[in-house]
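Here are the chains, one letter per residue:
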Amino acid sequence: MSTRITIDPITRIEGHLRVDVEVEGGKVTKAWSSGQMWRGVELILLGRDPRDAWAITQRICGVCTTVHAITSVRAVENALQLEVPLNAQYIRNMIISAHAIHDHIVHFYHLSALDWVDVVSALSADPGKTATLAQSLSNWPLNSKAVMVQTQEKLKAFVASGQLGPFAGGYWGHPAMKLPPEVNLLAVAHYLQALDIQRQANKIVTILGSKTPHIQNLAVGGVSNPIATDSQSVLTVDRLMAIKTQIDKLSDFVNQVYLVDVAAIGAFYADWTKHGAGVMNYLSAPDFPMDTKGTEFMVPGGYIPGGDLAAYKPIRSFGDDFLGKGVEESVKHSWYTYSKAGPLHPYQGETTPHYTDFQDDGKYSWLKSPTFYGARAQVGPLASVLNCVAAGHKPTIDYATKVLETVSSLAGAKVGLDAMHSTIGRHAARAIRCATMGDILAHNWQALIDNIGKGDVQTFNKPVFPKGEVVGYGFHEAPRGLLSHWTVIRDGKIANYQCVVPSTWNAGPRDESDTPGPYESSLLGNPVADTEKPLEVLRTIHSFDPCLACAVHVHDEETGEVVQVKAL
Amino acid sequence: MTRRVVVLGVGNILLTDEGVGVHAVNALAEQFCLPDEVEVIDGGTSGMDCLDRIAEADLLLIADCMRGKRAPGTITRLGGEQIGAFFKTRISPHQVGLSDVFATLALHELSPKAIVMLGVEPKAITLGMDLSSEVSAILPDLVGALAAELVGFGVSVHPKAA
């Protein structure tokens, strides 16, 4: 007999995701991933000025504001074949790398670490031993015994107040929790420190983007930051110098804390390198353009079919046909209808809602199912890291080697790249990518300083919209993976607009040929020790860093709960 | 150290009345001269991104959409104890929301010293960028109520010359 578990909603994510699994003999045998919110923002964009699309699309989601804004201007620029000045590329690159660092740190420490770290167990740790362990792994100055004592006292006071806050609802004492108390305390200490660090990352975005959470400085054709060497009100060399201090602090934390913690936690949970592989076709976008046309990128991207790195095929430029022609979306299992049979390319994409109940073999999700040349693909940091390794990207290879060596030495057994195709591997990949982001941020900062030094202060090329129809798509390797916006522009107005977001790739339901998506297939074979507390299911789902772009959050005064809204 | 007052508008402006808080704080900043101690934030649906600026505020004044089975456009004020109870009991599907920001700030001993929330009963939360006529009609009242809260806190607030 199998047991059906419905987890609705999945917590500690952005948006509303429902996951159903059937468990038999302590393992998941069948899984469904269902997006529970309708995202119909595309319809709002129809008929609007393409120059305004980025400001609207950045409202899709409360976490991914910046990434939608960037992808939107790239889509319109691609449709117009518009080049972007170097300074604008560098400034955008700094914003997106700083945002990625912020996002990855928040995801690991604040959203997913609690799946692996038992906060209550940290109360019984020996702070001295914790410090000794921490200092053996890293030179981070905040690993002292005094810091660990202080952390434990803070935690005690917090738990005693009865207000568990961010720690409420954790599965404390669950049999799948394996870390010794000392490692739990270490993780809690870094959880607290991570908060200060992510604030530093946010400051960079604020200074460059003029505002957060919604940046103000983008424009189709560049950025609106005027650069000057003397004025106070614009982006000055002084302000850029101040940013450098934040950049260095971020890199220290990522290298000395985040990478090390992921390796340490991974070593204690080595069995989780065997679960959660799921779809092993990996798709990622190249990003961080270093030329005006978008043909030279700091980070490569491409496609790896079936986990075979030797079969890697690159995506080379903005507007690349390999990506542009390979994407389709199916709604066979989604609460939409199309005007014709079969999946549709995003340029022909339609957004017509058609809600049924949750039907196991029929329609059961508000997400569509994207495919790449007919196959499901996993996106996200793991896809990016593997594509980088396949492309011979040295910084990624170096950080990956460092993490795997640390894991191997802690676990006392050789752990290789193959272990990355897993639940815990997705966490390791996110940390590796985060470390490369630190270098990219610093590199673009220097490139901007040098370019301004040459006397180039241009930041904007004026877009000109032709009569008739043009189409274009923009991509961005966002923190959760490949994000693309597709637009059809007719006589200077938006005639169609489709966003194919990372969580659609990963969380989408079964496709036209009934093949499960990455979330669904990654859950198959997952252990579930206690069907009342399906912690293991959450581990695998959280490892993807779910973001169900919807962002409705009406407060309900009567029940104290958030009201679920289906915009129908 | 100077006082810090943060006026935070939250909600999604793509979902009609859901965005009323954002519209209200933007209107407040447009219509009134506010001293430097006041920071107005269009928070949208972001949680953690706003954390840095909410931290250690002397007053956090929130404008939001709030369902309480009242007539559309009704403005409700929550303050003091009500705020604590309201956010403590909430188990949110959007766990990176404001309640988590508050919990995280509490853990770090950086909580705002006072929080007041003005919530508006929505008429509609459907796709669109315009407010319903009912909520649109009370927008000036909401902006006025935000200004009055600031005045009550001892902030000098003056309408901009027309």
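Starting afresh in each chain, residues are numbered from 1 along the sequence in its written order. As they are written, the chains are lettered A onward and the ligands numbered 1 onward, keeping that order. Under the rules for a predicted model, residues below a pLDDT of 70 receive no local features and side-chain atom pairs below 80 are neither given nor counted, while totals for whole chains, interfaces and linings still include all residues. Excluding hydrogens and water, the side-chain values take into account all heavy atoms of the structure.

(A) Region of interest: the overall build of chain A. Per the convention used, a helix needs a DSSP run of H or I reaching at least four residues, while a strand needs a run of E reaching at least two, with both numbered from the N terminus. Scanning chain A from terminus to terminus reveals 16 helices and 18 strands. Summarising its shape, the C-alpha atoms of chain A cover approximately 70 × 60 × 55 Å along the three principal directions. Looking at chain A as a whole, 65% of its 568 residues qualify as buried. Only the protein chains shown count as cover for residues, with accessible areas throughout obtained via the Shrake-Rupley method and a probe of 1.4 Å. Element-wise, carbon and sulfur atoms account for 52% of the exposed surface of chain A, whose accessible area totals about 18,800 Å². Relative accessibility thresholds used throughout: buried, under 20% of the residue-type maximum; exposed, over 50%; partly exposed, between the two (1.4 Å probe, protein chains only).

(B) A look at the packing of aromatic side chains. Residues and elements named next belong to chain A. Whether two aromatic rings pair depends on their centres lying within 6.5 Å, for rings of Phe, Tyr and Trp, where Trp uses its six-membered ring; planes under 30 degrees apart make the pair stacked, over 60 edge-to-face, and the rest tilted. Evaluation of the coordinates by the stated rule reveals 23 aromatic pairs over all chains. Plain terms: the ring middles of Tyr336 and Trp366 are 5.6 Å apart, the flat faces sit at 75 degrees to each other, and that makes the pair edge-to-face. One end of the pair, Tyr336, is in strand S12 (residues 336–337); the other, Trp366, is in the loop between strand S13 (352–353) and strand S14 (369–372), with 30 residues separating them in the sequence. Residue class for Tyr336 comes out buried when judged on its relative accessible area of 3%. Every member of this aromatic cluster is reached through a ring pair, and the members are Phe297, Phe318, Tyr347, Tyr473, Phe475 and Trp486.

(C) The pattern of salt bridges, seen in detail. Residues and elements named next belong to chain A. Salt bridge, as used here: a side-chain nitrogen of Lys or Arg that lies within 4 Å of a carboxyl oxygen of Asp or Glu. Tallied over the entire structure, the rule returns 24 salt bridges over all chains. In this structure, Arg490 engages Glu469 in a salt bridge whose closest nitrogen and oxygen atoms are separated by 2.9 Å. Of this pair, Arg490 sits in strand S16 (residues 481–490) while Glu469 sits in strand S15 (residues 469–478), placing them 21 residues apart in sequence. Where Asp545 meets Arg480, a salt bridge forms, and the shortest distance between an N and an O atom there is 3.3 Å. Of this pair, Asp545 sits in the loop between helix H16 (535–543) and strand S18 (555–556) while Arg480 is found in the loop between S15 and S16, placing the two residues 65 residues apart along the sequence. With relative accessibility at 1%, the residue Asp545 sits in the buried group. Classification of Arg480 by relative accessible area gives buried; the value is 7%. A single salt-bridge network, built from bridges that share partners, covers Arg4, Arg18, Asp20, Glu22 and Asp360.

(D) Structural detail: helix H6 (residues 127–137) of chain A. All names here are of chain A. All of the buried residues along H6 are Pro127, Gly128, Thr130, Ala131 and Ala134. Seen along its axis, H6 keeps its buried residues to an arc of 155 degrees; they face one direction. Exposed positions of H6 whose direction lies more than 90 degrees from the buried face are Lys129, Thr132 and Ser136. Residue contacts are defined here by distance: any two heavy atoms, one from each residue, within 4.5 Å place the two residues in contact. Looking at the buried residues of H6, the elements they touch are helix H7 (145–160) and helix H8 (181–209). Definition of a polar contact: a pair of N or O atoms within 3.5 Å, with one able to donate and the other able to accept a hydrogen when the atoms are protein atoms, and with sequence-neighbouring residues admitted only if both atoms are side-chain atoms. Capping the start of H6, Asp126 holds a side-chain oxygen 2.8 Å from the backbone nitrogen of Gly128, two or three residues further along. This arc describes the spread of directions from the helix axis toward the C-beta atoms.

(E) Main features of helix H1 (residues 20–31) of chain B. Residues and elements named next belong to chain B. Helix span is expected to be 1.5 Å times the residue number reduced by one. With 12 residues, H1 extends 16 Å between its outermost C-alpha atoms, agreeing within 8% with the 16 Å of an ideal straight helix rising 1.5 Å per residue. Of the positions making up H1, those classed as buried are Val20, Gly21, Val22, Ala24, Val25, Ala27 and Leu28. Here the buried face of H1 lies against strand S1 (5–10), strand S2 (32–33), strand S3 (38–44), strand S4 (59–67), strand S6 (115–120) and helix H5 (133–152).

(F) Representation of the side chain of Arg92 of chain A within the structure. Residues and elements named next belong to chain A. Position of Arg92 relative to the elements: it lies in helix H4 (residues 86–112). By relative accessible area, Arg92 is classed as buried at 1%. Leave out the neighbours within four places in its chain, and Arg92 touches Ile70, Val73, Arg74, Glu77, Val84, Leu218, Ala219, Gly221, Gly222 and Val223.

(G) A look at the confidence of the model for chain B. Residue and element names in this part refer to chain B. Overall, the prediction assigns chain B a mean pLDDT of 85, with 90% of residues at 70 or greater. Confidence of the predictor at the level of single residues is given by pLDDT, which spans 0 to 100. Here helix H3 (residues 81–88) stands out as the least confident element of chain B, with mean pLDDT 67; H5 is the most confident, with 97. Every residue in residues 89–96 scores below 50 in pLDDT, and together they form 33 contacts with partners more than four places removed in sequence or on other chains. Both scores are given for the predicted complex: the pTM is 0.91, the ipTM 0.82.

(H) Summary view of the nonpolar core. All names here are of chain A. As used in this record, nonpolar core signifies buried Ala, Val, Leu, Ile, Met, Phe, Trp, Tyr and Cys residues forming a set joined through side-chain atoms within 4.5 Å. By size, the foremost hydrophobic cluster in this structure holds 112 residues, and its most contacted members are Ile105, Leu208, Leu240, Phe253 and Tyr258. In terms of residues, this core owes the most to one element, helix H13 (residues 423–453), which gives 15 residues. Leaving out residues up to four positions away in the same chain, Ile105 has contacts with His110, Ala194, Ile197, Gln198, Phe253, Val254, Tyr258 and Cys434.

(I) Focus on unusual backbone geometry. Phi at Phe288 of chain A is positive, roughly 70 degrees, even though this residue is not glycine. Judged by relative accessible area, Phe288 of chain A falls into the buried class, the value being 1%. Of note in the backbone geometry, Thr16 of chain B takes a positive phi value of approximately 40 degrees without being a glycine. Tracing the backbone shows Thr16 of chain B in the loop between S1 and H1. Given a relative accessible area of 9%, Thr16 of chain B falls into the buried group.

(J) Region of the structure containing the packing of H4 of chain A against H8 of chain A. All names here are of chain A. The interhelical angle for the contact between H4 and H8, taken along N-to-C directions, is 160 degrees, at an axis separation of 9 Å. Compared by their axis directions, H4 and H8 come out roughly antiparallel. Crossing of H4 against H8: the hand is left-handed. Here H4 contributes Ile91, Met94, Ile95, Ala98, His99, His102, Ile105, Val106, Tyr109 and His110 to the contact with H8, which in turn contributes His190, Tyr191, Ala194, Leu195, Ile197, Gln198, Ala201, Asn202, Ile204, Val205, Leu208 and Gly209. Three classes are used, and their members are as follows: Ala, Val, Leu, Ile, Met, Phe, Trp, Tyr, Cys and Pro are nonpolar, Asp, Glu, Lys and Arg are charged, and the others, Gly among them, are polar. Within the contact of H4 with H8, the residues separate by chemical class into 15 nonpolar, 7 polar and no charged. Angular values range over 0 to 180 degrees, each being the angle between N-to-C directions of two axes fitted as lines to C-alpha atoms, with helices fitted over their stretch in contact. With respect to orientation, any angle under 35 degrees is reported as roughly parallel, any angle over 145 as roughly antiparallel, any angle of 65 to 115 as roughly perpendicular, and every other angle as oblique. Should the near helix be turned anticlockwise from the far one by less than a right angle, the crossing is termed left-handed; should it be turned clockwise, right-handed.

(K) The arrangement of the sheet that holds strand S10 (residues 313–315) of chain A in detail. All names here are of chain A. The 3 strands lie next to each other as S6-S9-S10, forming an open sheet whose pairing is antiparallel. Two strands bound the open sheet, and with one partner strand each, they are strand S6 (282–283) and S10. In this analysis, strands are considered paired if DSSP registers two or more bridges between them. Bridge analysis of strand S9 (residues 301–304) against S10 gives 3 bridges, and the strand direction is antiparallel. Paired with Tyr303 across the bridge in S10 is Lys313.

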